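Structure assessment
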Amino acid sequence: MELGLLTPIVAVAAMLLAALRPRGTREWMWASAGAVLLIALRTEPSSAAAVAIAAQWNVLLFILGLMVLAVVAEESGALAIVARYALRCGGGSVRILFVMLFLAGTVLTLLLSNDATAIVFTPIVYETVRRRVADVMPFLLGCTFVANVASMGLPFANPANVIVLERPDIASYVAHLAVPQIASIAILLGVLLLVFRKRLRGRYDEGVEEEVPQTYAHRTLAVLGGVVLAYAGALVLHVPLGPVAVSGALVASAVARVRLERVAGAITWSTFVLLAALFVLVDAL
């Protein structure tokens, strides 16, 4: 078989196996195996592979910053404050509580990232709701769906946005996507309320004792707000988002007094191996 034909076969096979994950294997294993094989066969020179990875430094830094911010938001109790505020706004109505948590997930997705909602906020919602409402499944599905649907509203709401548009014009971006984004969120909320109309009936006990927020939770929330403003400013000035995300994450870690060892242990480092391998596979194709 000619090496020219081998490249797309290996690359596509590696991507498919990474998506299918046969026998419980991890995505990064297949993507890395495909990338290493192409380099070994010299259909993708090692120098070209290195350039392909280095060219995406902004994306890698941005995702690293998002991961650190998510860990800090969880460890500091900042997102738990958001959940408790939604609980108070619910006024004892299960349906209104669902809407409040859905909207909180929407804002978190738009301003932080879809990963912050799906990975960090969803367990907090579970812990908040399970002691008050018998059926938690509608709330968990609400977090899951809104983390995806609301991730196109702002360039930094989804790391994939940064891969496609490294330095987007935020005014043009919002002008084109604001209306469809609002419409999609409204449609999703309407569909969920319709589908779960019977499961969201009733009331919950507002008198349950609340946990005391951690000392630095409110300060961390303020820093997270500052990071969002920094994102917007960077987009206006056409500054890469990666360094902004990492800088904001370091400031948030310091303010929240979260130890760097704890942050490093909570980061999914295999994600960067997967991304690097995918960059090589795409470059080879």
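All values reported here derive from a predicted model rather than from experimental measurement.

From N to C terminus, the protein includes 14 helices and 0 strands. Secondary structure of the protein in N-to-C order comes out as α-α-α-α-α-α-α-α-α-α-α-α-α-α. At 21 Å, the protein has a C-alpha radius of gyration in line with the 19 Å of a compact globule built from 285 residues. With the C-alpha coordinates of the protein rotated into their principal frame, the extents come out at 70 × 40 × 40 Å. When the 285 residues of the protein are sorted by exposure, 45% land in the buried category. Counting contacts in the protein only where the partners sit at least 6 residues apart, residues at least 24 apart contribute 80% of the total.

In this structure the tally under the stated criterion is 5 salt bridges. The closest approach of N and O atoms between Asp135 and Arg199, which form a salt bridge, is 2.5 Å. Linking Asp135 in the loop between helix H7 (114-130) and helix H8 (137-149) with Arg199 in the loop between helix H10 (170-195) and helix H11 (217-236), this pair joins segments that are 64 residues apart in sequence. Residue classification places Arg199 among the partly exposed residues on the basis of a relative accessible area of 39%. Residue Glu261 is joined to Arg259 by a salt bridge in which the shortest nitrogen-to-oxygen separation is 2.5 Å. There is no split in this pair, since Glu261 and Arg259 are both exposed.

Moving on, we come to helix H2 (residues 27-40). With 14 residues, H2 should reach 20 Å at 1.5 Å per residue; the first-to-last C-alpha distance of 20 Å fits that figure. Listed in full, the buried residues belonging to H2 are Ala31, Ser32, Gly34, Ala35 and Leu38. For H2, the angular spread of the buried residues around the axis is 160 degrees, confining them to a single face. Exposed residues pointing more than 90 degrees away from the buried face of H2 are listed as Val36 and Ala40.

This brings us to the layout of surface pockets. Space inside the largest pocket adds up to approximately 550 Å³. Lining the largest pocket are 24 residues; nearest its centre among them are Ile63, Met67, Asp115, Ile119 and Thr271. At the level of secondary structure, the elements contributing two or more residues to the lining of the largest pocket comprise helix H4 (57-76), H7, helix H9 (159-164) and helix H14 (270-284). Looking at the lining of the largest pocket, the element that brings in the most residues is H4, giving 6 residues. Of the residues assigned to the lining of the largest pocket, the class counts are 16 nonpolar, 5 polar and 3 charged.

So, on to the side chain of Thr117. Relative to the helices and strands, Thr117 resides in helix H7. Residue classification places Thr117 among the buried residues on the basis of a relative accessible area of 0%. At 3.3 Å, the side chain of Thr117 forms a polar contact with the backbone oxygen of Gly105. Apart from the residues within four sequence positions on either side, Thr117 is in contact with Gly105, Leu108, Thr109, Thr122, Cys143, Val146 and Ala147.

So, about a positive patch on the surface. Residues Arg95, Arg197, Lys198 and Arg201 make up a contiguous surface patch of positive charge. Relative to the assigned elements, Arg197 resides in the loop between H10 and H11.

Another point: the state of the cysteines. One pass over the full model with this rule turns up 0 disulfides. A disulfide-free cysteine, Cys89 has its sulfur positioned 16 Å from the sulfur of Cys143, the nearest such atom. Cys89 sits in the partly exposed class, given a relative accessible area of 33%. Cys143 sits in the buried class, given a relative accessible area of 4%.

Quick notes on the rules
- Residues numbered from 1 in each chain as written.
- Predicted model: local features only at pLDDT ≥ 70, side-chain atom pairs only at ≥ 80, totals over all residues.
- Heavy atoms only, no water.
- Helix = DSSP H or I, 4+ residues; strand = E, 2+ residues; numbered from the N terminus.
- Rg over C-alpha atoms; globule rule 2.2 N^0.38 Å.
- Buried < 20%, exposed > 50% of the residue type's maximum accessible area, 1.4 Å probe, protein only.
- Contact = heavy atoms within 4.5 Å.
- Salt bridge = Lys/Arg side-chain N within 4 Å of Asp/Glu carboxyl O.
- Expected span 1.5 Å × (residues − 1).
- Arc of directions from axis to C-beta.
- 1 Å grid on protein atoms, 1.4 Å probe; cavity = no way out; pocket = protein on both sides within 12 Å on 5 of 7 lines; lining within 4 Å.
- Points joined across faces, edges and corners; volume = space filled by probe spheres on them.
- Nonpolar A, V, L, I, M, F, W, Y, C, P; charged D, E, K, R; others polar.
- Polar contact = N/O pair within 3.5 Å; in protein donor to acceptor, adjacent residues only side chain to side chain.
- Patch = residues over 30% accessible without salt bridge, like charges linked within 9 Å, V, L, I, M, F, W, Y side chains within 5 Å.
- Areas by Shrake-Rupley, 256 points an atom, 1.4 Å probe, with all protein chains shown as cover.
- Lys, Arg positive; Asp, Glu negative; His and termini not counted.
- Charge placed at Lys NZ, Arg CZ, Asp CG, Glu CD.
- Disulfide = S-S within 2.5 Å.

Just geometry here; none of it tells us what the structure is for.
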